[in-house]
Structure formats: structure tokens, C-alpha cells
Amino acid sequence: MQNADERQKMIAAWRRQEDYGSLLSVLQRKEPALYAGLPLFPAAMLAAALYGDLPQQMLVLCANEEEAVALADNLRPLLGEQVQLFPVLELMPFEVYAHNIELVAARMRVLSGLVRGERMLVVSCVNALSRRLPPPAVLRAHHLLLRAGDVVEPAQLARQLADMGYERVALTEIPGTFSQRGSIVDVFPITAQQPCRLEFFDDEIDSLRYFDAAEQRSGAAAEQLLLTPARELPVDDAARMRARQALQEEYRQTYDALRGTAKKELEKSYAPLLEY
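Note on numbering: residues in each chain are counted from 1, in written sequence order. It should be noted that, the model being predicted, local features are given only for residues of pLDDT at least 70 and side-chain atom pairs only at 80 or more, the latter also being counted only at that level, while totals for whole chains, interfaces and linings use all residues. Side-chain figures throughout are based on the complete set of non-hydrogen atoms in the structure, without hydrogens or water.

> Teacher, can you tell me more about the overall build of the protein chain here?
In this text, helices come from DSSP runs of H or I with a minimum length of four residues, and strands from runs of E with a minimum of two, each type numbered from the N-terminal end. Scanning the protein chain from N- to C-terminus turns up nine helices and eleven strands. Over its C-alpha atoms the protein chain spans a radius of gyration of 23 Å, topping by over 25% the 19 Å that the globule rule assigns to 276 residues. In terms of overall dimensions, the protein chain has C-alpha extents of about 65 × 60 × 30 Å along its principal axes. For this analysis, residues touch if any pair of their heavy atoms sits within 4.5 Å. A separation of at least 24 residues holds for 59% of the contacts in the protein chain among residues at least 6 apart in sequence. It is over C-alpha atoms that the radius of gyration is taken, and the globule rule equals 2.2 Å times the number of residues to the power 0.38.

Structure representation (C-alpha cells):
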């Protein structure tokens, strides 16, 4: 296993390669570059060298998830937490995430960092990027930063958390959930290791404290709490209205094109959606 000095020498050696400069120039213009045929460890060294010479975020795309995981593992000793794996998630955005919470958290951690301009090297694969994602502006608008002294109604905060994809529960124990008991709102950020308790005095946040999810006991105070969306598809009232209008229009066009009993079958299929 190479030590830190040996790794840095190998990275420096890549920078002296004949084609390194042209490859770097392509990435500096923010254009995609293809580099194939490298074994895993040299590929990690090349990616680390390029990342060190670039001021922007960087994506390394692998053929499959197995290669992406292995490359990320080889990059972390070189770049630490700046390396983020964007994993594959098979579920559709509207399906239940409970049993894939770690994958959802990993993906949201990357997406949140990207839209906030955080410098990072993202490693992923084709399948992970095949899902459609909302525009960066939508994800950015659904971030929420809370501090002691902020004025916000607990009920309004609960509605906002629901719009951001957080599930309302009786007891906050797992990431992506929140609960409200009178003047106390507990929330477990999807990307965090522990939940946070917000205590209100009227409509003002009086304190923020982390707490133990198992014992529900308050712990250290938090200066602030950054909440990212809990899902890749946050939905607010405006989005719900657009979806309803699109559904009604699709229903009308389909209904007009059908004849006989097919119309009744369509009515049965669409009725629950239109009522919702």
C-alpha cells in the first residue's frame, strides 16, 4: 500500500504525461472527455490529478456501479470526503423509499452539494444517471436553513417539510421523517447522522438541539440546521396544481379518443387520481 508521499508522486507523474494537458484543457472548457483502458488504480490517480487542477466540480462516469464503487474507494485515500459516490436507485421517485434510505441519502447528499456549489468529485455510472431529475433551481429552492431566533410558525414549518419530501410520523427515529408535539418539532435530515429538536417560543425558534433517536433525549446544541429535500422530487402546491392540470388534460384527450365500454374503464382508472 502506498503512503501519502508515494501517491502524490504518482499523481505528479500523471501531470507530466504527454496527453494530460489536452485532457485537462477539454475539462476546463467544461466538455466531456473519454479516457478508456486504464486499470483501476491508475484511473484513480488520473482522476485525482485532474480534479486537483480544476476549479469546478467534476464527474467521473463509469460503465457500471461495481466499477464506480471501486473507483470511489480508491479515490477517497487521495481526496477524502470530496469524493462522493452517486449510487443507482431502482425505485421511481414516487415509490416508497423506506428500505433504500441509505441510497436516497447518498444521492441527496450529492445533489444538494452540487446545487449549492460545493466542490466535489462525483463518481457514478450510466444507470445512476438514467433517472430524470428536477432542475437544479427546484432542488435549490427546497433547501431550508434554520437558526435559533428565526420566526416561523410550527404548522407552516410542518407543511414545508412535507413539501420537501419528509414524512410526518408519531416519533422521529429514521432519516427523512419529522414529528410535531405542540411547540416542539423533531426532524431527521435525510443526509444527517442524528435528528434535531426545534423548540419554539410562540412562532420563534428558541433552541435547536440534536437528540438520540433511540432514547429521544436531547443532547448538544446546534448553531443551525440545514435541511435538504428528502426526495429527488420535492412537490409543493404549485407543482401539485401543474400535475393535476396535466392529468386532467391527458384524461380529457384519452377519453375523447375512446368508444363504448373503454370510456367506463378509463373513468374507473382515473377517478382516484382526479379525486386526489
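> Please explain the layout of surface pockets as it appears in this structure.
Empty space left among the atoms is revealed by rolling a probe the size of a water molecule over them. There is about 1,000 Å³ of room inside the second largest pocket. Definitions used for this entry: grid spacing 1 Å over protein atoms alone; cavity, a set of points where a 1.4 Å probe fits but cannot get out; pocket, an open set with protein on both sides within 12 Å along at least 5 of 7 lines; lining residue, one with an atom within 4 Å of a point. Considering the residues around the second largest pocket, the lining is formed by 33 residues, among which Ala33, Leu59, Val60, Leu61 and Cys62 are closest to the centre. Breaking the lining of the second largest pocket down by element, the ones donating at least two residues are α2 (20-28), α3 (40-53), β1 (58-62), α4 (65-79) and α5 (101-115). Taken together, the residues of the lining of the second largest pocket sort by class into 27 nonpolar, three polar and three charged. Grid points are joined across faces, edges and corners, and a volume is the space filled by probe spheres set on the points. For this classification, Asp, Glu, Lys and Arg are treated as charged, while Ala, Val, Leu, Ile, Met, Phe, Trp, Tyr, Cys and Pro are nonpolar and the rest, including Gly, are polar.

> Sorry, what's going on with the packing of helix α1 (residues 4-15) against α3 here?
A fitted line through C-alpha atoms represents every axis, and for helices the fit uses only the stretch in contact; the resulting angles, taken between N-to-C directions, go from 0 to 180 degrees. Packing of α1 against α3 leaves a shortest axis separation of 9 Å and a crossing angle of 75 degrees. One element, α1, and the other, α3, form an angle in the roughly perpendicular class. Of the residues in α3, those touching α1 at Arg7, Met10, Ile11, Trp14 and Arg15 are Phe41, Pro42, Met45, Leu46, Ala48, Ala49, Gly52 and Asp53. A per-class count over the contact of α1 with α3 returns nine nonpolar, one polar and three charged. These descriptions rest on fixed angle ranges, namely under 35 degrees for roughly parallel, over 145 for roughly antiparallel, 65 to 115 for roughly perpendicular, and the rest for oblique.

> Quick question: what am I supposed to make of the nonpolar core here?
It is characteristic of soluble globular proteins that their nonpolar side chains tend to be buried jointly. Among buried residues, those of type Ala, Val, Leu, Ile, Met, Phe, Trp, Tyr and Cys that are joined through side-chain atoms within 4.5 Å constitute a nonpolar core. Burial here depends on accessible area, computed with a 1.4 Å probe over protein chains only, as a share of the maximum for the residue type. Under 20% is buried, over 50% is exposed, and the range in between is partly exposed. Within the largest apolar cluster, 63 residues are counted, with the highest numbers of intra-cluster contacts made by Leu75, Val123, Leu157, Tyr166, Leu198 and Leu227. Filtering out sequence-adjacent residues up to four positions away, valine 123 remains in contact with Val60, Cys62, Ala68, Leu71, Ala72, Leu75, Val83, Gln84, Leu85 and Phe86.

> Would you mind going over α3 with me for this structure?
The periodicity of an α-helix, 3.6 residues per turn, causes residues three or four positions apart to be oriented the same way. Expected helix span is taken as 1.5 Å per residue step, with the number of steps being one fewer than the number of residues. Across its 14 residues, α3 extends 20 Å between first and last C-alpha, which sits within 8% of the 20 Å expected from 1.5 Å per residue. For α3, the complete set of buried residues consists of Ala44, Met45, Leu46, Ala47, Ala48, Ala49, Leu50 and Tyr51.

> Got a minute to help me understand the side chain of threonine 177 in this structure?
Looking at where threonine 177 falls in the secondary structure, it is placed in strand β6 (residues 177-181). A polar side-chain atom of threonine 177 sits 2.6 Å from the main-chain carbonyl oxygen of isoleucine 174. The definition of a polar contact used here is a pair of N or O atoms within 3.5 Å, where within protein one atom must be able to donate a hydrogen and the other to accept one, and adjacent residues in sequence count solely through side-chain atom pairs.

> Hey, could you run me through unusual backbone geometry in this one?
With the exception of glycine, most residues fall at negative phi, and the peptide bonds are largely trans. Of note, lysine 30 is a non-glycine position whose phi angle comes to about 60 degrees, a positive value. Mapped onto the secondary structure, lysine 30 falls in the loop between α2 and α3. By relative accessible area, lysine 30 is classed as exposed at 69%.

> I keep staring at the pattern of salt bridges and nothing clicks. Help me out?
Side chains that differ in charge, positive against negative, can pair when their charged atoms come close. Salt bridge, as applied in this entry: a Lys or Arg side-chain nitrogen positioned within 4 Å of an Asp or Glu carboxyl oxygen. A complete count under the given rule lists eleven salt bridges for this structure. Note that glutamate 31 is salt-bridged to arginine 29, the shortest N-O span being 3.4 Å. Since its relative accessible area comes to 38%, glutamate 31 is described here as partly exposed. Bridged by salt links that share partners, the residues Arg107, Arg131 and Glu232 form one connected network.

> Any chance you could explain the packing of aromatic side chains here in plain terms?
The geometry of an aromatic ring pair is captured by two quantities: the separation of the ring centres and the angle between the planes. For Phe, Tyr and Trp, rings pair up if their centres lie within 6.5 Å, where Trp contributes its six-membered ring, and each pair is then called stacked (planes under 30 degrees apart), edge-to-face (over 60) or tilted (otherwise). All chains considered together, the criterion is met by one aromatic pair. Aromatic pair tryptophan 14 and tyrosine 35: ring centres 6.2 Å apart, planes at 80 degrees, arrangement edge-to-face. Highlighted residues: tryptophan 14 in helix α1 and tyrosine 35 in the loop between α2 and α3, separated in sequence by 21 residues. With a relative accessible area of 33%, tyrosine 35 lands in the partly exposed category.

> Can you walk me through α1 in this structure?
The first and last C-alpha atoms of α1 sit 17 Å apart over twelve residues, in line with the 16 Å expected at 1.5 Å per residue. Of the residues making up α1, those classed as buried are Arg7, Ile11 and Trp14. One side of α1 holds all its buried residues, which, seen down the axis, span an arc of 50 degrees. Relative to its buried face, α1 has exposed residues pointing more than 90 degrees away, namely Asp5 and Lys9. Elements in contact with the buried residues of α1: α2, α3 and α4. The directions considered for the arc run from the helix axis to the C-beta atoms.

> In this structure, what is going on with the sheet that holds strand β3 (residues 121-125)? I would like to understand it.
The strands that make up a sheet are held in pairs by hydrogen bonds between backbone atoms, and each pair lies either parallel or antiparallel. One open sheet holds the three strands; their spatial order is β1-β3-β2, and the pairing between them is parallel. Both outer strands of the open sheet, β1 and β2 (83-85), are each paired with one neighbouring strand and no more. Within the sheet, the average angular offset between the axes of one strand and its neighbour, ignoring direction, is 25 degrees. We call two strands paired when DSSP finds no fewer than two bridges between them. By the bridge criterion, three bridges tie β2 to β3 in an arrangement that is parallel. When the bridges of β3 are listed, glutamine 84 appears paired with valine 122.

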